[in-house]
Amino acid sequence: MGLRDDFLWGGALAANQCEGAYDVDGKGLSVEDVLTYKPDTSNTDYKKHIAVTLEGIREAMNDKDNTYYPKRRGIDFYHHYKEDLALFKEMGFNVLRVSIAWTRIYPTGEEETPNEKGLAFYEDLFKEMRRIGIEPLVTLHHYEPPLALALKYNGWTDRRVIDMFVRYAKTCFEYYGKYVKYWLTFNEVDSIFRHPFTTAGIIPDQCKERSVEECCYQALHHQFVGAALAAKLCHEIIPDAQIGCMLTKLITYPRTCAPEDVYLTQKKNLKNMFASDVMMFGEYPKLILKEMENNGISIDMAEDDLDIIRKYPCDYLSFSYYMSMAESADPNAERTPGNTVLGVKNPYLEASDWGWQIDPEGLKISLIELYDRYKKPLFIVENGFGAKDVFEDGTVHDPYRVDYFRKHFKAMIEAVDEGVDLLGYTSWAPIDIISASSNQMSKRYGFIYVDQDDLGKGTLKRYKKDSFYWYKKVIESNGKDLD
Ligand code: BG6
């Protein structure tokens, strides 16, 4: 009973949220570099932080100051990575999930040859991880497509982007294959409908002939083809590698057992897993195709697209899990934000300061459901608690974070004891970084505190929080000591 002996324990980061150095060593602008932090919006108002217009993008491109563009500075992992890796190792990590910024390798996405300095950065990073015994788990596309592709092609809506992505993926496999055995293509591949710009470089103002929704379906189809072609190349170039799918597991419960609540809930859950169904099973679910038809959504597919998708499915399913929500047919049911969603409040659950409902049992249910559905190994590649930490006496006392993780680990281990094949767990994020949805620094997830505020003031010094020592103990005991 308990976790496998070779269980992978660690943390997860994304280049755009931690690296900073957005214009250093030839890096091009990614879509994230033009997203603003708006101090006047409430913590829970994620839509304002991720909304984009063509005018706003142009304005951002002319503004070289990074005060209101926090992802341009991140936590300067680009220059601090050795120190950060040493801290992760001290906690006992044997895996770290990172992403490669496409724009460091191909600054606009269209170059024929890669940027040497960008290549060198990740080579050094992976070498250092190997040297200290941390397995790299690498995402190729974590919300950071080149801005140039968004402006010129409306991102992934254009089929030509597939080839550019495949060229980029091939470069990564060729250069980093000797260091990296675990790969992921698209972070939260299902998220395109929630934030089309960051997931796929779609600028709503540019969706002229088609609705934004139809653009999303088209772009997602191109991502499926890109992911399948990347999987094919990955296996050819690195025979001992595994390449996975990455899903935002947004589990929804019916608010009551009224059949109409159950039906709406079923719809939400099916839609949530549609993208992973395609990437894991190698085919579109029939119900989704019918739904598209019923809604007048029509997308272009090349003749052999479906064949490519069928031939190269994923080796494992990874997912993020933070919260759960409910659904109700009652239009007046009270709603609360979650991970870039608005769900119905669940009276049995407490919520974080951002309204995300805390549900450890939901992790267990998700693990069992996903393993039963896909029958391939699972990897939890994001899970964590965003909170407003108080920094005092050189540390943060964060029992609320320990409490969140303790309950989630317990649930995770229970699912494993029921038979779920789980490869590993990477917490989001092991060190404080910029929030994806709110662009805040003050929404902190880490076991390590970083001295920086929302507007970029601070020394960037790193400090261990109380939870740092607790997670170390958990890893040392392979999940047996959760006290
Ligand atoms: C996940 C994303 O959905 O949620 C991460 O993959 C993100 O990039 C994480 O940081 C937490 O969300 P947020 O908005 O609190 O940073």
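Residues numbered from 1 in each chain as written. Predicted model: local features only at pLDDT ≥ 70, side-chain atom pairs only at ≥ 80, totals over all residues. Heavy atoms only, no water.

Asks: How should a nonpolar patch on the surface be read in this particular structure?
Replies: Nonpolar side chains collect at one region of the surface, where Leu289, Met301 and Leu306 lie side by side and expose about 240 Å² of accessible area between them. Among the structural elements, leucine 289 can be located in helix H13 (residues 286-294). Classification of leucine 289 as partly exposed rests on a relative accessible area of 36%. (Patch = residues over 30% accessible without salt bridge, like charges linked within 9 Å, V, L, I, M, F, W, Y side chains within 5 Å. Areas by Shrake-Rupley, 256 points an atom, 1.4 Å probe, with all protein chains shown as cover. Salt bridge = Lys/Arg side-chain N within 4 Å of Asp/Glu carboxyl O. Helix = DSSP H or I, 4+ residues; strand = E, 2+ residues; numbered from the N terminus. Buried < 20%, exposed > 50% of the residue type's maximum accessible area, 1.4 Å probe, protein only.)

Asks: Whenever I open this one, the site of the ligand confuses me. Can you help?
Replies: Not every one of the 14 residues close to the ligand is listed here, only the nearest: Glu188, Ala436, Ser437, Lys443 and Tyr445. With respect to the ligand, the side chain of glutamine 17 contributes an N or O atom lying 2.7 Å from an oxygen atom. Within the side chain of serine 437, a nitrogen or oxygen atom sits 2.4 Å from an oxygen atom of the ligand. When the ligand sits alone it has 380 Å² of accessible area, and the protein chains cover 99% of it. Across the shell around the ligand, the residue classes break down as five nonpolar, six polar and three charged. (Near = heavy atom within 4 Å. Polar contact = N/O pair within 3.5 Å; in protein donor to acceptor, adjacent residues only side chain to side chain. Nonpolar A, V, L, I, M, F, W, Y, C, P; charged D, E, K, R; others polar.)

Asks: Can you help me understand the packing of helix H10 (residues 212-237) against helix H12 (residues 274-281) in this one?
Replies: Geometrically, a packed helix pair is captured by the angle between its two axes and the distance between the axes. Direction vectors running N to C along H10 and H12 enclose 25 degrees, while the axes themselves pass 10 Å from each other. Of the possible angle classes, the one that applies to H10 and H12 is roughly parallel. Judged by the twist between their axes, the crossing of H10 over H12 is right-handed. Across from Tyr217, Leu220, Phe224 and Ala227 in H10, the residues of H12 making contact are Phe274, Ala275, Val278 and Met279. Residues of the contact of H10 with H12, tallied by class, amount to eight nonpolar, no polar and no charged. (Axes fitted to C-alpha atoms, helices over the stretch in contact; angles between N-to-C directions. Parallel < 35°, antiparallel > 145°, perpendicular 65-115°, else oblique. Left-handed = near helix turned anticlockwise from the far one by under 90°. Contact = heavy atoms within 4.5 Å.)

Asks: How should the pairing of strand E3 (residues 135-141) be read in this particular structure?
Replies: One face of the sheet, then the other: side chains in a regular strand alternate in exactly this way. In terms of burial, E3 is a largely internal element, seven of the seven residues being buried. Pairing geometry for strand E2 (residues 95-99) and E3, over five bridges, is parallel. Each residue of the ladder has a partner; that of valine 95, found in E3, is glutamate 135. As paired elements, E3 and strand E4 (residues 182-186) share four bridges and run parallel to each other. Note that in E4 the partner of valine 138 across the bridge is tryptophan 183. (Pairing = 2+ DSSP bridges.)

Asks: Teacher, can you tell me more about the pattern of salt bridges here?
Replies: Pairs can form between side chains of opposite charge once their charged atoms are near each other. A complete count under the given rule lists 40 salt bridges for this structure. In this structure, glutamate 110 engages lysine 152 in a salt bridge whose closest nitrogen and oxygen atoms are separated by 2.9 Å. You can see glutamate 110 sitting in the loop between helix H5 (102-105) and helix H6 (116-131) and its partner lysine 152 sitting in helix H7 (residues 147-153), a full 42 residues away along the chain. A residue is classified by how much of its surface remains accessible, and lysine 152, at 55% relative accessible area, is exposed. Between aspartate 307 and arginine 310 there is a salt bridge, with its nearest N and O atoms 2.5 Å apart. Residue aspartate 307 and its partner arginine 310 are both found in helix H14 (residues 305-311); the two are separated by three residues, about one turn of the helix. On the basis of relative accessibility, which here comes to 48%, the residue arginine 310 falls in the partly exposed class. Salt bridges sharing partners connect three or more residues here, namely Asp389, Asp398, Arg401, Asp432, Arg444 and Lys465.

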